[in-house]
2 protein chains.
Amino acid sequence: MRYHKVPDETIRRLPVYLRGLCSFPNDGSRSISSQQLAEVLHVKSPQVRKDLSYFGDIGTPGVGYDIQKLKKHIRTILRLNNTHCAALIGYGNLGAALLKYTGFKTFCVEISAVFEINPRKIGRVVQKIKIEDVSNISSLRKRGISVAILAIPALESQDVTDKLIDAGVGGILNFTPSYLSAPTNVKVVNIDIGVSLACLPYYLPVGA
Amino acid sequence: MRYHKVPDETIRRLPVYLRGLCSFPNDGSRSISSQQLAEVLHVKSPQVRKDLSYFGDIGTPGVGYDIQKLKKHIRTILRLNNTHCAALIGYGNLGAALLKYTGFKTFCVEISAVFEINPRKIGRVVQKIKIEDVSNISSLRKRGISVAILAIPALESQDVTDKLIDAGVGGILNFTPSYLSAPTNVKVVNIDIGVSLACLPYYLPVGA
DNA sequence: TTAGGTCTGTGAACGAGAACTCAATCACGA
DNA sequence: TCGTGATTGAGTTCTCGTTCACAGACCTAA
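In this convention, every chain numbers its residues from 1, walking through the sequence in written order. Ligands are numbered from 1 and chains lettered from A, in the order in which they are written. Residues qualify for local features only when their pLDDT is at least 70, as the model is predicted, and side-chain atom pairs are given and counted only at 80 or more; totals for whole chains, interfaces and linings, by contrast, use all residues. The basis for every side-chain value is the complete set of non-hydrogen atoms in the structure, without hydrogens or water.

Working definition: a disulfide is two cysteine sulfur atoms within 2.5 Å of each other. Scanning all chains against the criterion turns up zero disulfides over all chains. Cysteine C199 of chain A remains unbridged, with the sulfur of C108 of chain B as its closest cysteine sulfur at 15 Å. For C199 of chain A, a relative accessible area of 4% corresponds to the buried category. Distance from the sulfur of C22 of chain B, which forms no disulfide, to the nearest cysteine sulfur (C108 of chain B) is 8.5 Å. Working definition: with a 1.4 Å probe on protein chains only, accessible area under 20% of the residue-type maximum means buried, over 50% means exposed, and in between means partly exposed.

It is worth spelling out the sheet that holds strand β4 (residues 109-116) of chain B at this point. Residue and element names in this part refer to chain B. Taken together, seven strands build an open sheet; the order of strands is β5-β6-β4-β3-β7-β8-β9 and the sheet is mixed. Looking at the sheet topology across the chains shown, the edges are occupied by β5 (125-126) and β9 (187-190). What makes two strands pair is DSSP finding at least two bridges between them. We count a stretch as a helix when DSSP gives it H or I for four or more residues in a row; a strand needs E for two or more, and each element gets its number in order from the N terminus. Here four bridges tie strand β8 (residues 171-174) to β9, and the two strands are oriented parallel to one another. Looking at β9, one finds that L173 is bridged to V189.

Time to look at the packing of aromatic side chains. Each Phe, Tyr or Trp ring (for Trp, its six-membered ring) is paired with any other whose centre lies within 6.5 Å, and the angle between the two planes then decides the class: stacked below 30 degrees, edge-to-face above 60, tilted in between. Per the stated rule, a full pass over the model turns up four aromatic pairs over all chains. Centroid distance Y101 of chain A to F104 of chain A: 5.1 Å. Interplanar angle 65°. Geometry classified as edge-to-face. With relative accessibility at 22%, the residue Y101 of chain A sits in the partly exposed group. The buried category is assigned to F104 of chain A, whose relative accessible area is 4%. The ring of Y203 of chain B has K187 of chain A sitting right over it, with the charged end atom 4.3 Å from the ring centre. Geometrically, a charge over a ring is one whose NZ (Lys) or CZ (Arg) sits within 6 Å of the ring centre while staying within 35 degrees of the ring normal.

This next bit is on the relation of the copies chain B and chain A. The copies were overlaid with a least-squares fit restricted to C-alpha atoms from residues scoring a pLDDT of at least 70 in each copy. Once turned by 180° and shifted 0.0 Å along the axis, chain B lies on chain A with an RMSD of 0.0 Å. The operation mapping one copy onto its partner corresponds to a two-fold rotation axis. Of every C-alpha in chain B, the one belonging to A97 of chain B sits nearest the axis of rotation, 3.2 Å from it. An overlap of 98% is found between the interface residues of chain B and their copies at the interface of chain A, pointing to a shared contact surface. Residues count as neighbours in contact if any of their non-hydrogen atoms are within 4.5 Å of one another.

Right, let's get into the environment of V147 of chain B. Turning to its location among the elements, V147 of chain B is positioned in strand β7 (residues 147-150). Residue contacts for V147 of chain B: discarding those within four places in its chain leaves L197, L200 and L204 of chain A together with C85, A86, A87, V169 and G171 of chain B.

Rendered as structure tokens:
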């Protein structure tokens, strides 16, 4: 693993590769070429090779990539070998949907704690998880939870973010429409649903 | 408006600018400089100027941008002047949350139709909207709905997408974890929640 | 009317990432 | 053992978008 800096875009594609591999017919051929993988995922084959080459020699020339080995390799790179526990902050409409969302399983991530500010929701048990007060966020460090999903109103987002950072959280998936200020060693990934939707009309044909 | 091609990234930032402007104190100063705007939105000021300059001379040198005029201008560019109606496909956990989501209002987009494949849900009325069968998607054209939000299982995503395209839909917000094949005149914006979350552990400090 | 300060618009430099290309490597069969 | 076909890994080129820097436009005030 020569240590050039790996582009963020590459990291973002790795889960896509992983999911593609998981849905690949496991029986039959044990190997897959960059071209085959590229076709399934709708990217270019040099892209696949370049992405994977950042992490050392994974494939074998003339053959391709061993499917099982590649899956394991990507999981190791992304640190998805053992199940990661995540905290969900905000049990509103979106929060409730995210808690039930099944798409995290592929990536060995599991929501194991839920926090709320609304006293009427605190204490309720949902999906076997007891909703806690946001003041309990400080306990995340000793519980070994270092990833958080933020699904609360914009107004409180920075306050809660500060609490999360204090509690040792190193990665935040931000569904709020606000910019979150955080130290460089904390990774924030933003999902701005409103903005994503607002872009669409621009691309509509002029008549519509 | 000299017609150089506008980068997608610029289009994506425009809604962010718009939201920033909306939350700006309307009273007092009527103008805002690129630097002020940049500070609020956490981007660089040349970026703001460049983005806006793609669409002609909007600001006035020595003064800045007239807030009201700029808002109107961005809305015009993004075609958000009059309310856009969108169709929601899939009333599962996520779909239900999206229907209640209030973040679309800022951008004058409103969900005005809901479709489902599950017969037990069809006919129910939610948020004043009657859930329809997916076969009704073909009626979207004459109803003037050209934007769709896709929140269904991955398996059916391409089928439904084809139906949407047949019905004249020109923009799709895709929450499914699948690649959607669509003609170039149809814009697909992907939100892959699983992938976004799966990226986070990579950035955690090595001990965690 | 003019001088000075402010801020935009834009061409040019810069940088990051994607695509291309090809030498090096491997499996396999003769 | 050697030759052939397939495929990777990585250096190079290309493309796109961001940042920079400055000329020119505008406002204000004297």
